[in-house]
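Here is how the chains run, residue by residue.
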Amino acid sequence: MIEVSEKYQQRYKGRKGRKRLQEIAGQIEQMHRDLGNLYDGYEEMQKLESLLPDPEVRLYFLRYLKDLDAIWSGVETYGLLRLCGKWTRQHKVEELQQLDVDSMLESLLPSKEWKQLTEGAEDHGIHTDA
């Protein structure tokens, strides 16, 4: 089960909240498995996940990462993680929200890949304003 910071605990109170959190945790674990757990040990991934205390935003980011990894097949994905780390340091981000994830990826990705991701986002239940 995912540890949820105090800020988000209220959202997952009660039976329905715990069930929703369990579903999100399962989806996050599945995303890591789909990525082959390749990036879990990297400092950049650990830092990014520490900036994603909201489980729903963490899942949102991982869905994008999984789709990008499918497009790029690995090497570029690690490079993107490094760029994301640099972006968070430059912008002095302490916590990434969904709009921050969108801004970060849109600014770092070539427009072709960003367009591919946002067009395919609705297939995954991701809602974007892009």
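Residues numbered from 1 in each chain as written. Predicted model: local features only at pLDDT ≥ 70, side-chain atom pairs only at ≥ 80, totals over all residues. Heavy atoms only, no water.

Asks: Describe the nonpolar core, with residues and values.
Replies: Among soluble globular proteins, nonpolar side chains are generally buried collectively. In this structure, Phe61, Leu96, Val101, Leu105 and Leu109 are the most contacted members of the largest nonpolar core, which totals 36 residues. Only α2 (14-34), α3 (43-50), α4 (55-72), α5 (75-90), α6 (98-108) and α7 (111-121) provide two or more residues apiece to this core. For Leu96, the contacting residues outside a window of four places in its chain are Leu48, Leu51, Leu52, Val57, Trp87, Thr88, Val101 and Met104. (Core = buried A, V, L, I, M, F, W, Y, C linked by side-chain atoms within 4.5 Å. Buried < 20%, exposed > 50% of the residue type's maximum accessible area, 1.4 Å probe, protein only. Helix = DSSP H or I, 4+ residues; strand = E, 2+ residues; numbered from the N terminus. Contact = heavy atoms within 4.5 Å.)

Asks: Would you mind going over α2 in detail, with residue names and values included?
Replies: Over its 21 residues, α2 extends 30 Å from the first C-alpha to the last, a length consistent with the 30 Å expected when each residue adds 1.5 Å. Buried within α2 are the following residues: Gly17, Leu21, Ile24, Ala25, Ile28, Met31 and His32. Viewed along the axis of α2, the buried residues span an arc of 120°, placing them on a single side of the element. Exposed positions of α2 whose direction lies more than 90 degrees from the buried face are Arg15, Lys16 and Gln22. Buried positions along α2 lie against α3 and α4. (Expected span 1.5 Å × (residues − 1). Arc of directions from axis to C-beta.)

Asks: So what about the pattern of salt bridges? Which residues, and what values?
Replies: This structure, assessed with the given rule, holds 6 salt bridges. Close ionic contact of Lys66 with Asp34 constitutes a salt bridge, the shortest N to O distance being 3.5 Å. Taken together, the residues Lys66 in helix α4 and Asp34 in helix α2 connect sequence positions 32 residues apart. Among the residues examined, Lys66 registers a relative accessible area of 26% and is labelled partly exposed. Judged by its relative accessible area of 37%, Asp34 falls in the partly exposed class. Taken together, the salt bridges that share partners define one network made up of Arg11, Asp54 and Glu56. (Salt bridge = Lys/Arg side-chain N within 4 Å of Asp/Glu carboxyl O.)

Asks: Tell me about α6, residues and numbers included.
Replies: Residues of α6 that are buried include every one of Val101, Asp102, Met104 and Leu105, and no others. Across the axial projection of α6, the buried residues extend over an arc of 165°, all falling on one side.

Asks: Hey, could you go over the packing of α4 against α6 for me, with residue numbers and the actual values?
Replies: Remark: α4 packs on α6, axes separated minimally by 9 Å, with the N-to-C direction vectors making an angle of 25°. When the axis of α4 is compared with that of α6, the two are roughly parallel. Classified by chirality, the crossing of α6 by α4 is right-handed. Residues Val57, Tyr60, Phe61 and Tyr64 of α4 lie in contact with α6, whose contacting residues are Gln98, Val101, Asp102, Met104 and Leu105. Among the residues making up the contact of α4 with α6, the classes are represented as 7 nonpolar, 1 polar and 1 charged. (Axes fitted to C-alpha atoms, helices over the stretch in contact; angles between N-to-C directions. Parallel < 35°, antiparallel > 145°, perpendicular 65-115°, else oblique. Left-handed = near helix turned anticlockwise from the far one by under 90°. Nonpolar A, V, L, I, M, F, W, Y, C, P; charged D, E, K, R; others polar.)

Asks: Explain the packing of α3 against α4 to me, and be specific about the residues and the numbers.
Replies: Running from amino to carboxyl end, α3 crosses α4 at an angle of 145°, the nearest separation of the two axes being 10 Å. Contacts between α3 and α4 involve Met45, Leu48 and Glu49 from the first element and Arg58, Phe61, Leu62 and Leu65 from the second. Residue classes in the contact of α3 with α4 are distributed as 5 nonpolar, no polar and 2 charged.

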